Amino acid sequence: MKVTQHLAAAKKPIISFEILPPTKGKSIESIYNHLDSLMEFKPAFVNVTYHRAEQVYRKRSDGHFERVEIRKRPGTVGICAALMNKYKVEAIPHLICGGFSMEETENALIDLHFLGIENVLALRGDAAANEKFFTPHPHGHKFADELVKQIVSLNNGHYMEEDIIEGVKTDFCIGVAGYPEKHFEAPNIERDIQYLKRKIDLGADYVTTQMFFKNSYYYNYVKLCREYGINVPILPGLKPITGKRQLNTIPSIFNVEVPAELCNEIMKAKTDADCDKIGTEWLLEQCRDLLKNNVPVLHFYTLGKPHVIYNALKQLF
């Protein structure tokens, strides 16, 4: 079932989650342990992130160094299949531009189609760890709008190989990312929304936002998107802050603001349990306010401490 179909059929706000694949060498049981309690809230879908390979240098026995490619968090497609089988829930894999040729992307989409996956989240992805700026694959996409265009093309039965006549049409519902505080590479929010509008015009079906900690950012963003003619659903992304270290890492990694009031409360906390409580209360107030304003979905980034999200949802529903 597509995300857009879930939204159309919903009689109350939908719950959804996003998870990280485990690092290589760990069991998928870590995913199940992460999600088991959260499944009580019957999420409509679970997003599974994708992480590009990294180039690292390893010393050889002769003393020289060689560059090798490693992927620290493989398994996105397999995890999606496992979640669908275990929980009977829609699983949404992230698709990224970084590190993929267009042919590899097409083959990945075919695999997903064969698995019965109906939704994908199309992203440019981050720069590689050794890059200052994003560098695309030589035969890949530079921007997410190009990736959206390829997915739409496959939905229309158009494959890269010209001798494929009347190819099977896929039917993916396409999500894209939105940034209430603008993408860090965009010169301003208006320009960022123009980029988003291009993805929607090419055929993207909905937007999932980056996390935010002040709801006013989300409301202003939705208003501005509507003014630019973006009328697809815009799903708010939410994450609790549950530790003092996150006050530095989250703004640094995700380029979002942590409000002074929340910072001050976290800094005054004496224990981890105090931090959890503060994070839960802040998340809870965000959710209550969003629900009052009729948001279609509460989408939670569950990285870290899923029990904080569980405790908040338990008080909401």
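So, how was this worked out
- Residues numbered from 1 in each chain as written.
- Predicted model: local features only at pLDDT ≥ 70, side-chain atom pairs only at ≥ 80, totals over all residues.
- Heavy atoms only, no water.
- Phe/Tyr/Trp six-rings, centres within 6.5 Å; stacked < 30°, edge-to-face > 60°.
- Helix = DSSP H or I, 4+ residues; strand = E, 2+ residues; numbered from the N terminus.
- Buried < 20%, exposed > 50% of the residue type's maximum accessible area, 1.4 Å probe, protein only.
- Lys NZ or Arg CZ within 6 Å of the ring centre and 35° of its normal.
- Expected span 1.5 Å × (residues − 1).
- Contact = heavy atoms within 4.5 Å.

**Section: the packing of aromatic side chains**
Enumeration over the complete set of coordinates arrives at six aromatic pairs. Their ring planes at 65° and their centres at 5.3 Å tell us that Tyr-50 and Phe-100 sit as a pair that is edge-to-face. Residue Tyr-50 is found in the loop between strand E2 (45-48) and strand E3 (54-59), and its partner Phe-100 is found in the loop between strand E5 (90-96) and helix H4 (102-114); the two are separated by 50 residues along the sequence. Classification of Phe-100 by relative accessible area gives buried; the value is 15%. Through successive ring pairs, a cluster of aromatic residues spans Phe-212, Tyr-218 and Tyr-219. Its guanidinium or amino end placed over the ring of Tyr-32, Lys-86 lies 4.7 Å from that ring's centre, counting from NZ or CZ.

**Thoughts on helix H5 (residues 144-155)**
Between its terminal C-alpha atoms H5 stretches 17 Å, which fits the 16 Å expected from twelve residues at 1.5 Å a residue. Every buried residue belonging to H5 is among Ala-144, Asp-145, Leu-147, Val-148, Gln-150, Ile-151, Leu-154 and Asn-155, and all of these are buried. Residues of H5 that are buried make contact with E5, H4, strand E6 (119-123), strand E7 (173-178) and helix H6 (189-202). Of the residues trailing H5, Gly-157 is marked for its positive phi of about 80°.

Purely spatial values, then, with no claim about function.
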